[in-house]
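Residues per chain, in single letters:
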Amino acid sequence: MTKKTAKERTPKPGARLTMQDIARLAQVSTPTVSRVLNGSPLVTEETRERVMAVAQAHGYAVNRNAAKLRHTRTNTVAVMLDFGSHRHGAIGDPFIFELLAGVSEALSIRNQDLLLSPPGLEDVRAYRDFYQARGADGFIVLGQGTRDAMLRELGRADVPLVVWGAVAPDAGYCAIGSDNFLGGELAGRHFVARKRKHWLFVGDIRHEELRLRYEGLCAVAKDHDDVTVDFLPIASMAFNATADTVAAYLAAGRLPDAVFAFSDTAAMAVTGAFKERGLTAPRDYALVGYNNIPPAAHFSPAITTINQKTDVAGALLVEKLMQQVDGGRARSTTLPTEIVVRDT
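Residues numbered from 1 in each chain as written. Predicted model: local features only at pLDDT ≥ 70, side-chain atom pairs only at ≥ 80, totals over all residues. Heavy atoms only, no water.

Student: Lay out the packing of aromatic side chains with the relevant residues and their values.
Tutor: A complete count under the given rule lists 9 aromatic pairs for this structure. Here the aromatic rings of F201 and Y214 are separated by 5.4 Å at their centres, their planes lie at 50°, and the arrangement is tilted. Linking F201 in strand 6 (residues 198-202) with Y214 in helix 9 (residues 208-221), this pair joins segments that are 13 residues apart in sequence. The two residues F201 and Y214 agree in class, both being buried. Site record: aromatic cluster; members linked through ring pairs are F201, Y214, F231, F260 and Y290. (Phe/Tyr/Trp six-rings, centres within 6.5 Å; stacked < 30°, edge-to-face > 60°. Helix = DSSP H or I, 4+ residues; strand = E, 2+ residues; numbered from the N terminus. Buried < 20%, exposed > 50% of the residue type's maximum accessible area, 1.4 Å probe, protein only.)

And the structure:
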């Protein structure tokens, strides 16, 4: 008795066609069929056409309401912002909104709704309860902040989760982000090339991303006996809080000749504080920011910065989350990290 091929095992006339049937007939995996039917941009055009040709030839139609009930999905993703790291919960850094725009676009392509920072989600239990109550199919967290311990615990709670932030092999959750340690090294090499000796890091190293940047900076300094590194903690990531803290530091008589700021916005605040004391970059100090937001190139002076590939971040965050929602595993990804040298 000969076995029938995939194409020969065609469903009987009148039989209800399933995604498994389409996958067999199109000779692709069932998850690939799901991605095609949900409009994922991560499927080749050739594969998309083949799957759709099979579906249309057999009269397959997507019943979104039935699928929603069958898979107990809400077609909603909760996107969580790090309000706690900003004074009075006010986020003003353009970088966060660039990330948010990328995530929003990627979700819209997949016909997913975006739920922005639903209130009351402060601990693992609250996240898990919200997920189990079908408040959302999963969570995209934009910024670890000081919540790494909580996120690690949440990663063990079988809740779909992707985080923008520091990538660590032992984190237990999927993360997308730049190589923060390398970013710190790049800033240090920039200072060495400009023969700067007294470096200052501005940022809250309770944040995993910022801690790694600080450690990368210090790693370069250790190779130069005549270089010192000072650390200035910032209580809030707000622009005014950063400017006031740096101004107080300078008023105390400290005078670094190189500053590595936790963001480009913070670098702009640093510039203002130094300018009040008659100090300008690059004449009196070198300056490196982080994120490469568009205003950094047009600021005066134009800010040297560490660039992250935020143009692909939104699509990656959504794709990694959908992999988990579909029952798969998602691996963390470290994005290319480079320095963009400008006036400072």
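Student: Give a detailed account of the side chain of T271, specifying residues and quantitative values.
Tutor: With respect to the secondary-structure elements, T271 resides in helix 11 (residues 264-275). For T271, a relative accessible area of 8% translates into the label buried.

Student: Please set out unusual backbone geometry residue by residue, giving values where relevant.
Tutor: Backbone phi values are negative for most residues with the exception of glycine, while trans is the configuration of most peptide bonds. Here the amide bond leading from A281 into P282 is cis, since omega sits at 10°, within 30 degrees of zero. Looking at where P282 falls in the secondary structure, it is placed in the loop between helix 11 and strand 9 (286-291). The omega angle of the peptide bond from S300 to P301 is 0°, so this bond is cis rather than trans. Along the chain, the position of P301 falls in the loop between helix 12 (294-298) and strand 10 (304-308). Despite not being glycine, R134 has its phi angle at roughly 60°, a positive value. The topology assignment puts R134 in the loop between helix 6 (124-132) and strand 3 (139-142).

Student: Report on the pairing of strand 6, specifying residues and quantitative values.
Tutor: Among the 5 residues in strand 6, 4 count as buried, and that is most of the element. Both strand 6 and strand 7 (residues 228-232) contribute to a ladder of 5 bridges, which runs parallel. Looking at strand 7, one finds that F201 is bridged to F231. Taken together, the 4 bridges between strand 6 and strand 8 (residues 258-261) define a ladder with parallel strand orientation. Its bridge partner being in strand 8, L200 is matched across the sheet by V259. (Pairing = 2+ DSSP bridges.)

Student: Give a detailed account of the sheet that holds strand 9, specifying residues and quantitative values.
Tutor: Read from one edge to the other, the open sheet built from 6 strands follows the order 7-6-8-9-10-12, with strand pairing classed as mixed. Single-partner strands in this sheet number two, and they are strand 7 and strand 12 (337-340). In this sheet, neighbouring strand axes are inclined to one another by 20° on average, regardless of whether the strands run parallel or antiparallel. Here strand 9 runs beside strand 10; their pairing, made up of 4 bridges, is parallel. The partner of G289 across the bridge, within strand 10, is T305. Strands strand 6 and strand 7 of the sheet are contacted by helix 10 (residues 239-251), whose axis makes an angle of about 130° with strand 7. (Axes fitted to C-alpha atoms, helices over the stretch in contact; angles between N-to-C directions. Contact = heavy atoms within 4.5 Å.)

Student: Describe the pattern of salt bridges, and please don't skip the residues or the numbers.
Tutor: Tallied over the entire structure, the rule returns 16 salt bridges. Between D129 and R125 there is a salt bridge, with the nearest N and O atoms lying 3.8 Å from each other. A residue pair is termed a helical-turn pair when its members lie 3 or 4 positions apart in one helix, as D129 and R125 do in helix 6 at 4 residues. Accessibility expressed as a relative area gives 37% for D129, which makes it partly exposed. Classification of R125 as exposed rests on a relative accessible area of 60%. In this structure, D284 and R283 form a salt bridge, with 2.7 Å as the shortest nitrogen-oxygen distance. The class of D284 is partly exposed, set by a relative accessible area of 25%. A relative accessible area of 55% places R283 in the exposed class. Through salt bridges with shared partners, one network takes in D148, R152 and D170. (Salt bridge = Lys/Arg side-chain N within 4 Å of Asp/Glu carboxyl O.)

Student: Talk me through the sheet that holds strand 11 (residues 333-335); I want residue IDs and the actual numbers.
Tutor: Strand order in the open sheet made by the 6 strands is 2-1-3-4-5-11, with parallel pairing throughout. Single-partner strands in this sheet number two, and they are strand 2 (113-116) and strand 11. On average, adjacent strands in this sheet sit at an angle of 20° to one another, irrespective of strand direction. Here strand 1 (residues 76-81) pairs with strand 2 via 4 bridges, running parallel.

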